Amino acid sequence: MKKFITGLLLFFLFAFILPWAAIFILPSDPDGYLKAYGMKKELASGPSDGRILIAGGSNAAFAVNSRMIQDSLGLDVVNTSLHAGLGFDFIVREALEDSRPGDIVLLSMGLFTGAGGGVGETTSIPFLVDYYPEKLADLSPGNMGIVIKGTYVLLKTKIKDLLVHKSKSGWDYRCSGFNSYGDEEAHWTAPSAGHIEPQTITVSPDDRKRERCFDRVCAMISQIEAKGCQVWILPPVLQEETYEKSRDAAVFLEKEYARHGICYLFPQSDAVFGDELLFNRPEHANGKGVALYTRRLIRALSTACCRDQQEH
Amino acid sequence: MTVNSLEFLLFFAVFFAVYSAIPCLGRKCGARAGIDADADEVRRKLQNLWLLAGNIVFYAFAEPRMLPLLGGVIVLYWLFGLAAGRFGGSNERVAGLFSAAGVVSGIGSLLYFKYLDFFIESFADLLSLFGFRPGMHALGIVLPVGVSFFVFKLMSYVIDIRRGVIAPTRDFISFAAYVSFFPTMLSGPIDRPKAFLPQLATLRRFSLPMASDGCRQILWGIVKKMLLADNLAVLTDACWSDMASQSTVSVLIAVLVYPVQMYMDFSGYSDMAIGVGKILGFRVARNFSYPFFARNIAEYWRGWHISLTSWLTDYVFMPLNVRFRDWGTHGSVLAIIITFVLIGMWHGASWTFLLFGLYHGLLYVPLMYSGAFFRKSKLKEGRFGLPSASDAAKMASTYLLVALGLIIFRAPSLAGVADCFTAIFTGAGRPPLTFGLTGRELVISGAALLLSFGAVAWEWYGRKKEYVFAAPSWRIFRPRAMRIAFYAAVFIVVMMFATNSNEFIYFSF
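Residues numbered from 1 in each chain as written. Chains lettered and ligands numbered in written order. Predicted model: local features only at pLDDT ≥ 70, side-chain atom pairs only at ≥ 80, totals over all residues. Heavy atoms only, no water.

1. Details of the overall build of chain A
Within chain A, the regular secondary structure consists of eleven helices and six strands. Compactness check: chain A gives a C-alpha radius of gyration of 20 Å against a globular reference of 20 Å for 312 residues, within 12% of the reference. For the C-alpha atoms alone, the extent of chain A along its principal axes is close to 70 × 45 × 45 Å. Looking at chain A residue by residue over its 312 residues, the buried ones come to 54%. In chain A, 83% of the contacts between residues at least 6 apart in sequence involve partners at least 24 apart. Summed over its atoms, the accessible surface of chain A is roughly 13900 Å², and 58% of this surface lies on carbon and sulfur atoms. Separation between the mean location of the 33 positive side-chain charges and that of the 38 negative ones in chain A comes to 6 Å. (Helix = DSSP H or I, 4+ residues; strand = E, 2+ residues; numbered from the N terminus. Rg over C-alpha atoms; globule rule 2.2 N^0.38 Å. Buried < 20%, exposed > 50% of the residue type's maximum accessible area, 1.4 Å probe, protein only. Contact = heavy atoms within 4.5 Å. Areas by Shrake-Rupley, 256 points an atom, 1.4 Å probe, with all protein chains shown as cover. Lys, Arg positive; Asp, Glu negative; His and termini not counted. Charge placed at Lys NZ, Arg CZ, Asp CG, Glu CD.)

Here you go:
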């Protein structure tokens, strides 16, 4: 038995620890998109109180002009949104960590965010750990599973980047694309892709994993509220065709939030855009789309805040 | 929770730690076996109980709602078995009634869970053809996970008792552990009680050679499933999801690739299940034996999903053949066609599966009438151990017939079969070989295809071994660390090129 166990340990050393050693030795992209996590954490730890804290996937990073919101409402805005692939769990846990009493927390969860039980994707969480190894200590068991599974995707990417010189042509997701509020602003002036291939996002109501994920995440949202924050769901930007094809998923999400007593800031239908307002994906707004979405957000937020003040 | 998932690894680590410690309970581990037979018997019972607990946890991960059903049928068949054994010899009629009740319950549960909705829908469609509006709807019956596999185990148990092949077991825990044995629960192989129950009747001590062998076989299964089958699936799925826009060449390639994909998928899972069984000290039934080197369809089915085909041969074909013996070869042909229709229908309730079975049954007709079915000629090896040219030609033609049959199997409906043939005959003008995939996906799928051919050939070339990683004999692998480093390197390559898919084709059956 001892020999068997030493053999297994040796196997795990070769198959897991050595790849991670290689990952840490191989250079990381100095301007990689997920590197922005550190910058956003710094923004979130800034001194001001009573802020608007936006958390979510790239749909929110690509949809909001925080300066416009700040100028209109007179509240500091921090956009910590980064990538839906980090998963529902991770994003809301970070929002719980970043939020302070008096904050207005806007959670923008794309239709994809709850997929796979909400624990993130192999192409996201391990890449974040590569930039910020200290995050390993904060990850949930589900996230850790994704890190283990994603080890090899990360290793492959790093080897490929080392062997094949990265093409600099075309638009790329970069850390340097974010402004000082945390909005991705490099794409505001970049040319849009034209017609965007619609996607179909399906949700199975029988998916126990997804239901458990919602229960877990909504419990965290309740904790944010218990801190003295207002929490709203920001409907994600969605292409018209994608919305039509994924209407069931959108309705399912609204029902799930409603079941847990969490409201949308404004209806999903107000965030459904044509291709002329989109950038490169069905959930990424272009410069014009950002302006429109932000105006709708400001209007809804000021209404909500007025209502809240009256109620108080 | 699939065998190649991280969840399974965690589950198995905990399960195995306790399982392998049980034989050492109350004595110094490594002490000679058989010194204290009574204590060993207690340990055996404890080990089987722990195995059953593991089976329940595993099944609960897959389908907790169906646990009571699984428990219920296990109790029912255990009682059927005891009753059939009790009356066997003294009152054959009553014993026969209990066995028949077991068979009828098995068929009944399959009919209910797998086929009732299909029958209702087909009947409603038939009535609507004649202008009736029956207002009948499918009941939306939830299919219990692994039902096709455990029901076959249960039926073979009562039939074997009736035939006197085995004695009924009084040990309920062993019986329940056999039926719900977790490595084979979701996708087979279908172990027979005669081979499996005796293994549960002895305490299983840890065996290093067997456990190492099991690990290697799991790794080989992972290579086949995650590196090869899943990357081939990218190509075939792309073709089948948009058949209308595919060119003739693309469709033909997808059709020819599908048998390899399916083999890698299903045999990969079987290898993993057998490997897990070995670590636990069990010999699980073999499920594949070089099907693509078959020179006719009969040889192919002797090497494809062996545990199912041998089950149906023993319990369906043989009795039917005896019953129809007065009709000579015609009777055998009828028996084989019925058997193959059942093989087709075993896969699911659909006209395509029925047609698939019928197609294979009909392929036997010329073999039966020419007598080739009954002749078992040995494969002649040419230079370098390769098959002769005539044998190779026969193998290629068998492969083509199999690939053609799998169009029916893969198609979502009969209309889908027609769509595939339409695309083959009308797709000449369309741009070839794109499949709607990116260049990178095409390159990886192409490489997976080449590697798959290599793997199939490697398996066949080393066919004296159970699987290709068994007992590596190269000198470079003599140092243990080198062997382990090699396996780890293989694992890393697999994981680097694995897709996100974790679905096994045979889980849906």
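Moving on from the model shown.
2. Some remarks on the overall build of chain B
Across its full length, chain B holds 18 helices and zero strands. Seen through its C-alpha atoms, chain B measures out along the principal axes to roughly 75 × 65 × 50 Å. The buried share of chain B, taken over its 509 residues, is 52%. Relative to all contacts within chain B whose residues are 6 or more apart in sequence, the contacts with residues 24 or more apart total 77%. Across chain B, the centroid of the 45 positively charged side chains sits 9 Å from that of the 29 negatively charged ones.

3. Some points on a negative patch on the surface
Together, A:Glu197, A:Glu240, A:Glu241 and A:Glu276 make up a negatively charged patch on the protein surface. Exposure remark for A:Glu276: the relative accessible area of 55% places this residue in the exposed category. (Patch = residues over 30% accessible without salt bridge, like charges linked within 9 Å, V, L, I, M, F, W, Y side chains within 5 Å. Salt bridge = Lys/Arg side-chain N within 4 Å of Asp/Glu carboxyl O.)

4. So, helix α10 (residues 247–259) of chain A
All names here are of chain A. Here α10 contains 13 residues, and its C-alpha end-to-end distance of 18 Å stays within 8% of the 18 Å for a straight helix at 1.5 Å per residue. Where α10 is concerned, the buried positions are Ala249, Ala250, Phe252, Leu253, Glu256 and Tyr257. When α10 is viewed along its axis, its buried side chains cluster within an angular range of 160° and face the same direction. Facing away from the buried side of α10 by more than 90 degrees, the exposed set consists of Asp248, Lys255 and Ala258. Backbone geometry just after α10 places glycine 261 at a positive phi near 75°. (Expected span 1.5 Å × (residues − 1). Arc of directions from axis to C-beta.)

5. Overview of the packing of aromatic side chains
Applying the stated criterion across every chain, the model contains 70 aromatic pairs over all chains. Sitting above the plane of the B:Tyr178 ring, B:Lys153 keeps its charged end 5.3 Å from the centroid. (Phe/Tyr/Trp six-rings, centres within 6.5 Å; stacked < 30°, edge-to-face > 60°. Lys NZ or Arg CZ within 6 Å of the ring centre and 35° of its normal.)

6. Remarks on a nonpolar patch on the surface
Taken together, the side chains of B:Phe123, B:Leu126, B:Leu129, B:Phe130, B:Phe132 and B:Met136 present a nonpolar region at the surface, about 670 Å² in accessible area. As for its placement among the helices and strands, B:Met136 is situated in the loop between α4 (92–129) and α5 (147–163).

7. Side note on the packing of helix α15 (residues 389–410) of chain B against helix α16 (residues 414–426) of chain B
All names here are of chain B. Here α15 crosses α16 at 130°, and the two axes come no closer than 8 Å. Between α15 and α16, the angle falls in the class oblique. Residue-level inspection shows Leu404, Ile407 and Ile408 of α15 in contact with α16, the latter providing Val417, Cys420 and Phe421. Of the residues belonging to the contact of α15 with α16, the class tally is six nonpolar, no polar and no charged. (Axes fitted to C-alpha atoms, helices over the stretch in contact; angles between N-to-C directions. Parallel < 35°, antiparallel > 145°, perpendicular 65-115°, else oblique. Nonpolar A, V, L, I, M, F, W, Y, C, P; charged D, E, K, R; others polar.)

8. Topic: the domain arrangement of chain B
All names here are of chain B. Its domain assignment divides chain B into domain 1 (6–206) and domain 2 (210–295 + 379–508). Domain 1 and domain 2 are separated by 30 Å when their C-alpha centres are compared. Here domain 1 packs against domain 2, burying approximately 1600 Å² in sum over the two surfaces, 71% of which is carbon and sulfur. For the pair domain 1 and domain 2, the interface holds zero salt bridges. Taken together, the links from domain 1 to domain 2 amount to four residue pairs in polar contact (both at pLDDT 80 or more). The set of elements that each furnish at least two residues to the side of domain 1 that touches domain 2 consists of α1 (6–21), α7 (182–185) and α8 (193–200). Element by element, the count of residues in the side of domain 1 that touches domain 2 is highest for α1, at five residues. Split by residue class, the side of domain 1 that touches domain 2 holds 16 nonpolar, four polar and two charged. (Domains from an automatic or database assignment. Buried area = accessible area lost by both parts, 1.4 Å probe. Polar contact = N/O pair within 3.5 Å; in protein donor to acceptor, adjacent residues only side chain to side chain.)

9. As for the interface of chain B and chain A
Across the contact, 26 residues belong to chain B and 22 residues belong to chain A. By the criterion of area lost to chain A, the three top residues of chain B are B:Leu6, B:Arg480 and B:Met496, representing 27% of everything that side buries. Run the count over chain B and chain A and you get two residue pairs in polar contact (both at pLDDT 80 or more). Top element by residues in the side of chain B that touches chain A is helix α18 (residues 480–497) of chain B. It accounts for eleven residues. Of the residues belonging to the side of chain B that touches chain A, the class tally is 20 nonpolar, three polar and three charged.

10. Focus on the pairing of strand β1 (residues 52–56) of chain A
Residues and elements named next belong to chain A. A large share of β1 lies buried, amounting to five of its five residues. The two faces of β1 match: Ile52, Ile54 and Gly56 on one face and Leu53 and Ala55 on the other face are all buried. As paired strands, β1 and strand β2 (residues 77–79) are joined by three bridges and run parallel to one another. Among the inter-strand pairings, isoleucine 52 is bridged to a residue of β2, identified as valine 77. By the bridge criterion, five bridges tie β1 to strand β3 (residues 104–108) in an arrangement that is parallel. Paired with isoleucine 52 across the two strands is isoleucine 104, which belongs to β3. (Pairing = 2+ DSSP bridges.)

11. Quick notes on empty space enclosed by the protein
Within this structure, the stated rule accounts for five cavities of 30 Å³ or more. The computed volume of the largest cavity comes to approximately 180 Å³. Lining the largest cavity are 18 residues; nearest its centre among them are B:Asp271, B:Arg286, B:Phe288, B:Glu459 and B:Glu466. Listed by contribution, the elements that provide at least two residues to the lining of the largest cavity are α9 (208–241) and α10 (248–279) of chain B. In terms of residue class, the lining of the largest cavity is built from six nonpolar, six polar and six charged. Roughly 140 Å³ of volume is contained in the second largest cavity. Looking at the second largest cavity, it is lined by 14 residues, and the ones nearest its centre are A:Tyr37, A:Thr80, A:Leu82, A:Phe90 and A:Glu94. Listing elements by their share of the lining of the second largest cavity, those giving two or more residues are α2 (36–44), β1 and α5 (88–98) of chain A. Looking at the lining of the second largest cavity element by element, the count peaks at five residues for α5(A). For the lining of the second largest cavity, the per-class residue count stands at seven nonpolar, three polar and four charged. (1 Å grid on protein atoms, 1.4 Å probe; cavity = no way out; pocket = protein on both sides within 12 Å on 5 of 7 lines; lining within 4 Å. Points joined across faces, edges and corners; volume = space filled by probe spheres on them.)

12. Quick word on the pattern of salt bridges
Across all of its chains, the model carries 32 salt bridges over all chains by this definition. For the salt bridge of A:Glu94 with A:Lys135, the shortest nitrogen-to-oxygen distance reads 2.8 Å. On the criterion of sequence distance, the pair formed by A:Glu94 in helix α5 and A:Lys135 in the loop between α6 (125–131) and α7 (141–163) is long-range, its members being 41 residues apart. A relative accessible area of 8% means that A:Glu94 is categorised as buried. Between B:Asp213 and B:Lys278 there is a salt bridge whose closest N-O contact spans 2.8 Å. A residue pair is termed long-range when its members are at least 10 positions apart, and B:Asp213 in helix α9 and B:Lys278 in helix α10 qualify at 65 residues. A relative accessible area of 14% places B:Asp213 in the buried class. Each of A:Lys41, A:Glu94, A:Glu97, A:Asp98, A:Lys135 and A:Asp138 takes part in salt bridges that share partners, so that together they form one network.

13. Examining the sheet that holds strand β4 (residues 230–233) of chain A
All names here are of chain A. With parallel pairing, the four strands of this open sheet are ordered in space as β2-β1-β3-β4. On the outer flanks of this sheet lie β2 and β4, each paired with one strand and no other. Pairs of neighbouring strands in the sheet enclose a mean axial angle of 15°, with direction left out of account. The sheet contact formed by β3 and β4 spans four bridges and is parallel. Considered in β4, the bridge of valine 105 is made with valine 231.

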